[in-house]
Amino acid sequence: MNTHSNEMLDTVSRVLRYACAALALLCIVFAIIAAISTGCSGGCAGSDSTESGSQSDTSALSPSPVPDSVTLPETADAGQAYQDKLTFLGDSLTAHLVSRGVLTDGQNTKQVWRTKDNMLNLDSPITSAKINLPGTDRYVTIAEAAAELKPEILVITLGTDYGVSYLVETDFKAYYTKLVRAIQEASPNTVILLQSIFPVTAGCKVLSNEKIDRANGWVKAVAAENNCRYLDTQSVLKDGNNCLRDSLCISEDGIHLNTEAYRLILSYIRTHAYTA
């Protein structure tokens, strides 16, 4: 009898152990399911939140749209008197305003600030570059010229000689801003108009209009950030393919402009005149 009872007790004990083990296993399974469910719920919410946050951060890091008010709108032709108030500063394309004889006094004009070799690179030393002070044999920095002559309206066009092909956005804008602020400090009442970089022909091998268009966005941004205005002059020089019209180009490199092109540029400036 005792033997039978012991066997029964062993059997019951084994059953109970198996039942406890099975129950424990079920508890673990349910705990895992609950954890996964909670994690998914939290993870989905977290994922949505992270995605939303990421979108917010991307938006914050993206450059703010340049207000259209920075671009000078079309006006009535301001005429020769307005054109004669302008002073021009820039690289070789600006210097050629003199050789083309399109300004008052032709090739003897005093409206163009240019370096000895007609080149002005948009790079770190730009504020140290020396230009000829019109009507003299002196060479001074751009800021020194601004302080002495105090031009009423200064039209700046930079980026073709050096800038578009070599500079990233941060450097391009930093060098341009450095120059603009040096002029503003030297002559606070001078109105500064930043003019678009001019397009090149489809056959140009050293520059592309895609890069020029991108850089013109940077020029416009510099104007907006420094209380200047932007002249979108490049628009009157383009053909239907976003390139400089061949009829306006004088050189095989597809960059330099003829007299007709400069007349179009001056007409655009007069019909997009700055008014206080």
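Residues numbered from 1 in each chain as written. Predicted model: local features only at pLDDT ≥ 70, side-chain atom pairs only at ≥ 80, totals over all residues. Heavy atoms only, no water.

## Description of the environment of K116
- Looking at the secondary structure, you find K116 in the loop between β2 (112–113) and β3 (130–132).
- On the basis of relative accessibility, which here comes to 73%, the residue K116 falls in the exposed class.
- Measuring from C-alpha to C-alpha, the distance between K116 and K130 comes to 8.0 Å, with 14 residues separating the pair along the chain. (Helix = DSSP H or I, 4+ residues; strand = E, 2+ residues; numbered from the N terminus. Buried < 20%, exposed > 50% of the residue type's maximum accessible area, 1.4 Å probe, protein only.)

## Side note on the pattern of salt bridges
- Inspection of every chain in the model, using the stated rule, returns 7 salt bridges.
- Two residues, K220 and D68, come together in a salt bridge whose shortest N-O distance is 3.9 Å. Taken together, the positions of K220 in helix α6 (residues 209–225) and D68 in the loop between α1 (2–61) and α2 (79–84) put the pair 152 residues apart, joining distant regions of the chain.
- Residue classification places D68 among the exposed positions, given a relative accessible area of 59%.
- Close ionic contact of D77 with R270 constitutes a salt bridge, the shortest N to O distance being 3.1 Å. Taken together, the residues D77 in the loop between α1 and α2 and R270 in helix α7 (residues 259–270) connect sequence positions 193 residues apart.
- Among the residues examined, D77 registers a relative accessible area of 44% and is labelled partly exposed.
- Judged by relative accessible area, R270 falls into the buried class, the value being 16%.
- Salt bridges here are not isolated pairs; linked through shared partners, they connect E169, K173 and E225. (Salt bridge = Lys/Arg side-chain N within 4 Å of Asp/Glu carboxyl O.)

## Digging into the packing of helix α5 (residues 169–186) against α6
- Relative orientation of the contacting elements α5 and α6 amounts to 40°, with a least axis distance of 10 Å. Comparing their axes, α6 and α5 come out oblique. Between α5 and α6 lies a crossing whose hand is right-handed. Contacts from E169, F172, K173, Y176, T177 and R181 in α5 reach A215, W218, V219, A221, V222 and E225 in α6.
- Here the contact of α5 with α6 is built from residues that sort into 7 nonpolar, 1 polar and 4 charged. (Axes fitted to C-alpha atoms, helices over the stretch in contact; angles between N-to-C directions. Parallel < 35°, antiparallel > 145°, perpendicular 65-115°, else oblique. Left-handed = near helix turned anticlockwise from the far one by under 90°. Contact = heavy atoms within 4.5 Å. Nonpolar A, V, L, I, M, F, W, Y, C, P; charged D, E, K, R; others polar.)

## Description of the sheet that holds strand β1 (residues 86–90)
- Here 5 strands make up an open sheet; going across it, the order is β2-β1-β5-β6-β7 and the pairing parallel. Whereas interior strands pair on both sides, the edge strands pair on one side only; in this sheet they are β2 and β7 (229–231).
- One ladder, built from 2 bridges, connects β1 with β2; its direction is parallel. Residue pairing in the sheet places L89 in a bridge with W113 of β2. (Pairing = 2+ DSSP bridges.)

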